[in-house]
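So you can see what is in the structure, the chains are spelled out below.
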Amino acid sequence: MKVLGIAGYSGSGKTTLIEKLVPLLVRGGLRVSLIKHAHHAFEVDTPGKDSWRHRQAGCTEVLVSSGQRWALMHELRGAPEPTLQEQLGRLGPCDLVLVEGWKFDPIPRIEVHRSGPDARRPLLFPGDPHVIAVATDEPLDTRLPQFGLDDALAVSQFVLAFVAGREGRDRPAAAAD
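Residues numbered from 1 in each chain as written. Predicted model: local features only at pLDDT ≥ 70, side-chain atom pairs only at ≥ 80, totals over all residues. Heavy atoms only, no water.

Before going further, it helps to spend a moment on the nonpolar core. Counting 23 residues, the largest nonpolar core has Leu4, Leu25, Leu96, Leu98, Ile110, Val155 and Val159 as its most contacted members. Elements supplying a minimum of two residues to this core: strand E1 (2–7), helix H1 (14–27), strand E5 (96–100), strand E6 (109–113), strand E7 (131–136) and helix H4 (152–163). Among the elements that take part in this core, H4 stands out by supplying 7 residues, more than any other. Every residue in contact with Leu96, bar those within four places of it in the chain, is listed here: Lys2, Leu4, Leu25, Leu30, Arg31, Val32, Ser33, Val159 and Val163. (Core = buried A, V, L, I, M, F, W, Y, C linked by side-chain atoms within 4.5 Å. Buried < 20%, exposed > 50% of the residue type's maximum accessible area, 1.4 Å probe, protein only. Helix = DSSP H or I, 4+ residues; strand = E, 2+ residues; numbered from the N terminus. Contact = heavy atoms within 4.5 Å.)

The next thing to look at is the environment of Val112. Examined against the element boundaries, Val112 turns out to sit in strand E6. By relative accessible area, Val112 is classed as buried at 1%. As a C-alpha pair, Val112 and Val22 span 90 residues in sequence and 16 Å in three-dimensional space.

A word on H4. In an α-helix there are 3.6 residues to a turn, and that puts residues three or four apart on one side. An ideal rise of 1.5 Å per residue puts 16 Å on 12 residues; H4 measures up with 16 Å between its terminal C-alpha atoms. In this structure, the buried side of H4 is in contact with E1, H1, E5, E6, E7 and strand E8 (146–148). Immediately downstream of H4, the backbone of Gly165 shows phi near 85 degrees, a positive value. (Expected span 1.5 Å × (residues − 1).)

In short, shape yes, function no, at least from these values alone.
The structure is reproduced here in structure tokens:
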């Protein structure tokens, strides 16, 4: 399976781009999974429901299963957060894993950049050799492929080529500017 990060600062449009991108990739014949990193505590079930009550009671893992889906919740209970590689090992077979977050792990990634308040933050691509393209709402001074932030079709074509091995993982050193 190929792994591709979608990286950028909060509010840049990562989730919106992914939401538009995934259906296009699926229509392109890919089986897509996603790992999202959260920087805070989060709940995936509803307080008061059985699974929530079991976790509150002290279970390390609670697996909920039905005819439609299953979900495994794992409480760390003080253990260190798993690495991206460990989390990738937990996924079932697929063609592509999109990774939202983990913007400093050594995986190929598309940087998502939005002008305005986000523009005050430093761009990732000048110092990150793993950025292979940029989705942005303003032209940037780079030799990397650039796509409109709202042009999910063009981004999906780039990703399909990446998965097929027609796009390089690392950009040439000359493109590092």
